Amino acid sequence: MQHVKITVYSTPSCPWCSRAKNYFKSLGLNFKNIDVSKDQKAAEKMVKKSGQMGVPVIEIGNKVIVGFDKNKIDNLLGV
């Protein structure tokens, strides 16, 4: 599995955000978690990247995935 930069834009109350973060942990992957409920600038950046307000928004390398789409994540990670 290649080493790519992973960023998860999330909120504490979002169950799909927790699933995404737990999935990366289960694969032993490091990721940066950004709580957009506390960071307005990050929230604006997330909306610019994804075109929408929903979380999670997952950035793997330069690709953006909206929601916890395990198939897309696996394809990007080569899992």
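This is a predicted model, so every value here is computed, not measured. (Residues numbered from 1 in each chain as written. Predicted model: local features only at pLDDT ≥ 70, side-chain atom pairs only at ≥ 80, totals over all residues. Heavy atoms only, no water.)

This part is about the overall build of the protein chain. A tally of regular secondary structure across the protein chain gives 3 helices and 4 strands. Going residue by residue from the N terminus, the α and β elements of the protein chain occur as β-α-β-α-β-β-α. Taken against the 2.2 N^0.38 rule, which gives 12 Å for 79 residues, the C-alpha radius of gyration of the protein chain at 12 Å falls within 12% of a compact globule. In terms of its C-alpha atoms, the protein chain occupies a principal-axis envelope of roughly 35 × 25 × 20 Å. Burial statistics for the protein chain: of 79 residues in total, 39% are counted as buried. For the protein chain, the share of sequence-separated contacts (at least 6 apart) that also reach a separation of at least 24 residues comes to 59%. For the protein chain, the computed accessible surface area is about 4900 Å², with 50% contributed by carbon and sulfur atoms. Each charge class in the protein chain was averaged separately, 13 positive and 6 negative side chains, and the resulting centres sit 2 Å apart. (Helix = DSSP H or I, 4+ residues; strand = E, 2+ residues; numbered from the N terminus. Rg over C-alpha atoms; globule rule 2.2 N^0.38 Å. Buried < 20%, exposed > 50% of the residue type's maximum accessible area, 1.4 Å probe, protein only. Contact = heavy atoms within 4.5 Å. Areas by Shrake-Rupley, 256 points an atom, 1.4 Å probe, with all protein chains shown as cover. Lys, Arg positive; Asp, Glu negative; His and termini not counted. Charge placed at Lys NZ, Arg CZ, Asp CG, Glu CD.)

With that out of the way, let us pick up helix 3 (residues 70-77). Taken together, the buried positions of helix 3 are occupied by Ile73, Asp74 and Leu77. An end-on view of helix 3 places all buried positions within 95° of arc, on one side of the element. Exposed and facing more than 90 degrees away from the buried side of helix 3 are Asn71 and Asn75. For helix 3, the secondary structure elements touched by its buried residues are strand 1 (6-10), helix 1 (15-26), strand 3 (57-60) and strand 4 (63-66). Looking one or two residues beyond helix 3, the residue adopting positive phi is Gly78, at roughly 70°. (Arc of directions from axis to C-beta.)

This next bit is on the sheet that holds strand 4. Taken together, 4 strands build an open sheet; the order of strands is 2-1-3-4 and the sheet is mixed. The open sheet terminates on both sides in strands that have one partner only, identified here as strand 2 (32-35) and strand 4. Mean inter-strand twist for the sheet, computed between neighbouring axes without regard to direction, equals 20°. Of the pairings in the sheet, the one linking strand 3 to strand 4 comprises 4 bridges and is antiparallel in character. Following the sheet pairing, Glu59 is matched in strand 4 by Val64. (Pairing = 2+ DSSP bridges. Axes fitted to C-alpha atoms, helices over the stretch in contact; angles between N-to-C directions.)

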